[in-house]
Amino acid sequence: MLREYSSRMNKAYKRVFHKIKKVNIKKIMDLCKQKRQNLNIQDRWLKNISNKPIPEDVRSVLSLGSKFSLQATKKDIKLENIIADVEYIIGYIPEETREIQRARVTNIITNFIHKDIPVKSPMNKWYMEAKKFLRENQDIIVLNSDKGSVTVIMERSDYENKIQTILDSKDFKLLPRDPTTTIQNACNKFIQKLSDKNYITKEQAKEMKTYNSVSPRIYGNPKVHKQGYPIRPIISSINSPLNKLSEYVANILKAAYDTNNEYYTRDTFHFAEMVKNLKIPEDHRLVSFDVVNLFGNLDKNKIIDILKSKWHKIRQHTVVDEKLFFEIVEYVLSNNYCTFRGKFYKQVFGCAMGSKVSPIVAQYVMDDLLDDCSKKLKFIIKLIKKFVDDIIMALPETEIDNVWKCLNSYCADLQFTLEMENCDQGVPFLDTMVHREKNEIKLNWYKKSTSSNKFIDYYSNHGINIKINFIKEMKNRITKICSETYLKEGLNNLFDILTQNSYPKNMLKKLLYATSEAVTTNAQNNDENNETKYYVSFPNIPGLTSKIKETFKNYNIQMATYNLKTVKELYSTLKDPIPIGLKSGVVYELNCQDCDKAYVGQTSQWVKSRMALHKSDIKKTRNRCALAMHAQNLDHRIDFEGVKVLKVERNYQRRLIQEMIQINRHKDPINKKSDTNKLSNVYCYLLARQAEGAPHINSQTRPPL
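Residues numbered from 1 in each chain as written. Predicted model: local features only at pLDDT ≥ 70, side-chain atom pairs only at ≥ 80, totals over all residues. Heavy atoms only, no water.

Q: Outline the packing of helix α21 (residues 607–620) against helix α22 (residues 626–634), listing residues and values.
A: Axis separation between α21 and α22 bottoms out at 9 Å; the angle between their running directions is 45 degrees. By the angle class used here, α21 and α22 are oblique. Of the two elements, α21 crosses α22, and the hand of that crossing is right-handed. Taking contact as the criterion, the partners of His614, Asp617 and Ile618 in α21 are, on α22, Leu627, Ala628, Ala631 and Gln632. Residues belonging to the contact of α21 with α22 are distributed by class as follows: four nonpolar, two polar and one charged. (Axes fitted to C-alpha atoms, helices over the stretch in contact; angles between N-to-C directions. Helix = DSSP H or I, 4+ residues; strand = E, 2+ residues; numbered from the N terminus. Parallel < 35°, antiparallel > 145°, perpendicular 65-115°, else oblique. Left-handed = near helix turned anticlockwise from the far one by under 90°. Contact = heavy atoms within 4.5 Å. Nonpolar A, V, L, I, M, F, W, Y, C, P; charged D, E, K, R; others polar.)

See the structure below:
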C-alpha cells in the first residue's frame, strides 16, 4: 500500500510539475519574443550570402551589429584587468593619497564581487547560442559590409578566394620571403639621416624608429550593394615597418595642403555653410561624380610628379631638403606589402587603403585632376566641391557629357561614375541631398540606399547619457545641415530611424521636437581651470564603475568607459594571426623543463628577440636576471620553444602592472621577490579569489571589511 501510494503521488507530482514547467517555459519564450519585438530588429541589418540557414536567435544577436554591447556577466569580469586599470589611474594622483585611494577602490570591488550580478536580458542567452553556432560552423564567417553597417555572413572559402583573386591580380606581386626586417632597417636608416642632418631631434628619431614591427595584414569587407559581392581590400598598417615614416610624410603634406582652394570640403557642415543661399543658373544641372576605386588606382609616378610641382608650398612646412624628402616619399609609396595565409605580397600599383599617407596624396591628385579639367573647359564652373573621391558640380546641361569625358581623360586608371539631378530629387553629396528650388541650393539630410540605418540601439548596454547625447547631436547635425524647407522632414526621418533602433517614441518626441536652448560647452570652465586633465579608461560595469568614478571625482581625471562584452567578439578574425615570436608589448611566461617553476617577464621587443637575449644571458652573463641565475646555478633547461603570451598590452605602465599581477599568481616563481614590490598588498585578496575562479564569492568566505 505504501509503495502504491508513493507511486501514485510521484505520478501526480510529475504531472503537475510538467504542467507548471510547460507554462513557465511558455512564459519565458513569450518574454524572449517580446524582447525581440522590443528590439525592433530589421531584416536589412543582416545579409546572409552563405548557403547555410541561420537560426533566428543567432540572426537576432548578429543583426544588432558589432558595436552592440551586452551586460557583462561574472565570467566576463577579469579582476586582474580591473586592478591594472585602477593602478594606472592611481599613478596620476598625488603619491601621499595613493594608499588611501587603493583601500577605497579595493573595498568597492570587494563588496561588488560578493553580490550577484543579475542579468535581466535574454540577449546573453542568444549571445551564447550564436557563439556555439559559429564555433560549430567554422566554414562561415561574420564580418561588416563595406558600407552601410550591414552584418554579413558568408562562406569562408568564398571570402578567401576573393582576397586571393585580388592578390593574384596585376596590382600585386608574390614575394619570396618576409621583407619586414629589410624594410624596417631601411626606414630606420632614413630616420637616422633625418637626425644626422638635424631635421629632427634625437628624441624624435628614437620615437620614430621601430624594432618590433609586424607585416601589414590584408583583409576585406564585402560590397553587398553590388552584384557578386566584391571585396574591398584593406591593408592594416598598425605597427608596420612603414607606419612611422608614412605618418611623418603625411603630416608634412597635410600641413602644406591648401585648405582654402575652391574644391576643398572639410565636412558636411563646411559644405552646408559654403552653399547656403547659393543660386545657380536655370540652364544648369546639379551632377555628382564618383571615382571608381580611387586609392587602388593612384599611380606612384603621377603622385611624385604632382608633389614636385607643389614643392614650393611643401618646403614652407618642412626643413627636409627636396632630394631626401622625395627619396622617402618614393620609398614609402613603392614598398606597400601585406601578408595573407602565410605568403607575402607587394602592391606594385596603387596606394594601400590603410596606409597613413594614402588619404592626403589622394587629395593632391584629385586637386590636380580638377585643375587640369578646369583649364580645358571653355566656361567657369559655377559650383565645384569635392570630398575625397566624391565631386559635386553645377554644370550647363549641354556640357555635362564633355566634363565627364574630360575627367575620365585625365588618367586611364581613374574613371568616374555620374549621377544627375532629376525633377523628383537632387543629387547626393556626403550625407546631404542637394536640391534646387527656384534655382537656389537647398540641403536635406540624406541616408544612402545602401545604409542599414543602424545606430546605437536603445537596448545596448551603453550609458543612458550616451544615448541621449547621441540623439541631441544627431538633431544638432540635422538642424545645421538642413535648409528650413527640409528641417521638419529631416527630423521626421531621424525619428523613424531611431524608432527602428528601439528608442521609445515619447523619449524621441521630447528630445527631437521640444524647443530647447542651444548646446553649451565647458570652455569657460576649462579657462578657469588650468590644471592638466588626465584621460583614462575603465570598463563599463553597472554597480561598480560609477562608484569608482565617484572616488576619483576630486582629482583632475576624466574617466571614459568601454564595454567589456560586445557583439564584435562574435565576428570572425579576418587578419592573419601574428606569430608568437613576432608579438611585442606582451607579458610572457617561460617554464623550466627540470622543475615546476616558471618565469614571468614583459617586453616591448619581439618575443623572439627577447628569447634570444635570455639565451645569451644564460650562456654569457651571470646574475643578469633571475631566469639566468636559475638556469646557471641549478643547471636547469628553460623551455624557450614553449613560451606563452599571457597578456598583450601596448601601454608600458599597464604592462608593468600586469607583469607583477602575473608573477603574483605563481606560488613559487623564478622571479626575484623585488619584482612585485610595487604591487600593493591591498590587492592580495582579490588576486587570490581571481586565481580560484570566478569573481563571485560565497558570503561565508567573505573577509571582514
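What follows continues from the structure just given.
Q: Outline the layout of surface pockets, supporting the account with residue identities and numerical values.
A: Its boundaries defined by the atoms lining it, the largest pocket holds a volume of some 1,500 Å³. Lining the largest pocket are 44 residues; nearest its centre among them are Lys147, Asp290, Asp390, Lys448 and Thr450. When contributions to the lining of the largest pocket are tallied by element, the ones reaching two or more residues are β7 (284–291), β11 (390–396), β12 (416–420), β13 (427–429) and α16 (464–481). Of all the elements, β7 adds the most residues to the lining of the largest pocket, at four residues. Each residue belonging to the lining of the largest pocket can be placed in one class, and the counts come to 17 nonpolar, 13 polar and 14 charged. Its boundaries defined by the atoms lining it, the second largest pocket holds a volume of some 1,100 Å³. Ser66, Asn144, Tyr219, Lys568 and Lys575 are, among the 40 residues lining the second largest pocket, the residues nearest its centre. At the level of secondary structure, the elements contributing two or more residues to the lining of the second largest pocket comprise β2 (140–144) and β5 (217–222). (1 Å grid on protein atoms, 1.4 Å probe; cavity = no way out; pocket = protein on both sides within 12 Å on 5 of 7 lines; lining within 4 Å. Points joined across faces, edges and corners; volume = space filled by probe spheres on them.)

Q: Quick rundown of empty space enclosed by the protein? Include the residues and the values.
A: Within this structure, the stated rule accounts for two cavities of 30 Å³ or more. There is about 100 Å³ of room inside the largest cavity. Lining the largest cavity are 13 residues; nearest its centre among them are Pro216, Ser237, Ser240, Leu242 and Asn336. Looking at the lining of the largest cavity, its residues break down into six nonpolar, six polar and one charged.

Q: An account of the sheet that holds strand β1 (residues 46–48) is needed here, citing residue identities and associated values.
A: Pairing is mixed in the open sheet, where three strands are placed in the order β1-β3-β2. Either end of the sheet is taken by a strand with one partner, and the two such strands are β1 and β2. The average angle at which neighbouring strand axes cross in this sheet is 20 degrees, direction not considered. Pairing analysis gives five bridges linking β2 to strand β3 (residues 151–155), with the strands arranged antiparallel. Within β3, the position partnered with Leu143 by the bridge is Val152. Against the sheet, helix α2 (residues 56–63) engages β1, β2 and β3, with an angle of about 130 degrees to β1. (Pairing = 2+ DSSP bridges.)

Q: A description of α16 should follow, citing residues and the corresponding values.
A: If you check α16, its first and last C-alpha atoms are 26 Å apart, about what 18 residues at 1.5 Å a residue would give, namely 26 Å. Burial in α16 covers these residues: Lys467, Phe470, Ile471, Met474, Lys475, Ile478 and Ile481. Viewed along the axis of α16, the buried residues span an arc of 140 degrees, placing them on a single side of the element. Away from its buried face by more than 90 degrees, α16 exposes Asn465 and Lys480. Contact partners of the buried residues in α16: α10 (268–275), β14 (432–437), β15 (440–445), α17 (484–500) and α18 (505–513). (Expected span 1.5 Å × (residues − 1). Buried < 20%, exposed > 50% of the residue type's maximum accessible area, 1.4 Å probe, protein only. Arc of directions from axis to C-beta.)

Q: So what's going on with the pattern of salt bridges? Which residues, and what values?
A: A full pass over the atoms with the stated rule returns 27 salt bridges. A salt bridge links Lys162 to Asp158; the nearest nitrogen and oxygen atoms lie 3.7 Å apart. A residue pair is termed a helical-turn pair when its members lie 3 or 4 positions apart in one helix, as Lys162 and Asp158 do in helix α6 (residues 156–167) at four residues. For Lys162, a relative accessible area of 18% translates into the label buried. With relative accessibility at 26%, the residue Asp158 sits in the partly exposed group. Notably, a salt bridge pairs Asp321 with Lys197, separated by 3.6 Å at the nearest N-O pair. Taken as a pair, Asp321 in the loop between α12 (311–314) and α13 (322–334) and Lys197 in the loop between α7 (180–196) and α8 (202–208) lie far apart in primary sequence, 124 residues in all. Through salt bridges that share partners, Glu87, Glu99 and Arg102 make up one connected network. (Salt bridge = Lys/Arg side-chain N within 4 Å of Asp/Glu carboxyl O.)

Q: Describe the pairing of strand β8 (residues 337–340), listing the residues and the values that go with them.
A: Burial along β8 is two-sided: Tyr337 and Thr339 facing one way and Cys338 and Phe340 facing the other are all buried. Relative to strand β9 (residues 343–347), β8 runs antiparallel, the two being bridged by four bridges. Counterpart to Tyr337 in the pairing with β9 is Lys346. In this structure, the hairpin formed by β8 and β9 is closed by a connection of two residues, where Arg341 is found at a positive phi of approximately 50 degrees.

Q: So what's going on with a nonpolar patch on the surface? Residues and values would help.
A: The grouping of Leu2, Tyr5 and Met9 at the surface amounts to a nonpolar patch, some 370 Å² of accessible area in total. Tracing the chain through its elements places Met9 in helix α1 (residues 2–39). (Patch = residues over 30% accessible without salt bridge, like charges linked within 9 Å, V, L, I, M, F, W, Y side chains within 5 Å. Areas by Shrake-Rupley, 256 points an atom, 1.4 Å probe, with all protein chains shown as cover.)

Q: Would you mind going over the nonpolar core in detail, with residue names and values included?
A: Ranked by size, the top nonpolar core spans 70 residues in total, and within it Leu253, Phe325 and Met393 carry the most contacts. The next biggest cluster of nonpolar side chains, apart from the first, holds 31 residues, and it includes Ala84, Ile117, Val536 and Phe552. (Core = buried A, V, L, I, M, F, W, Y, C linked by side-chain atoms within 4.5 Å.)

Q: Tell me about the sheet that holds β11, residues and numbers included.
A: With antiparallel pairing, the four strands of this open sheet are ordered in space as β10-β11-β7-β12. One side of each edge strand has no neighbouring strand; the edge strands of this open sheet are β10 (383–387) and β12. For this sheet, the mean inter-axis angle between neighbouring strands, taken without regard to orientation, is 20 degrees. As judged from the five bridges shared by β10 and β11, these two strands associate in the antiparallel manner. When the sheet's bridge partners are listed, Ile384 is paired in β11 with Met393. Across the sheet, helix α14 (residues 358–376) lies against β7, β10, β11 and β12, angled at about 160 degrees from β10, the strand it touches most. Contacting β7, β11 and β12, helix α15 (residues 400–409) crosses the sheet at an angle of about 160 degrees to β12.

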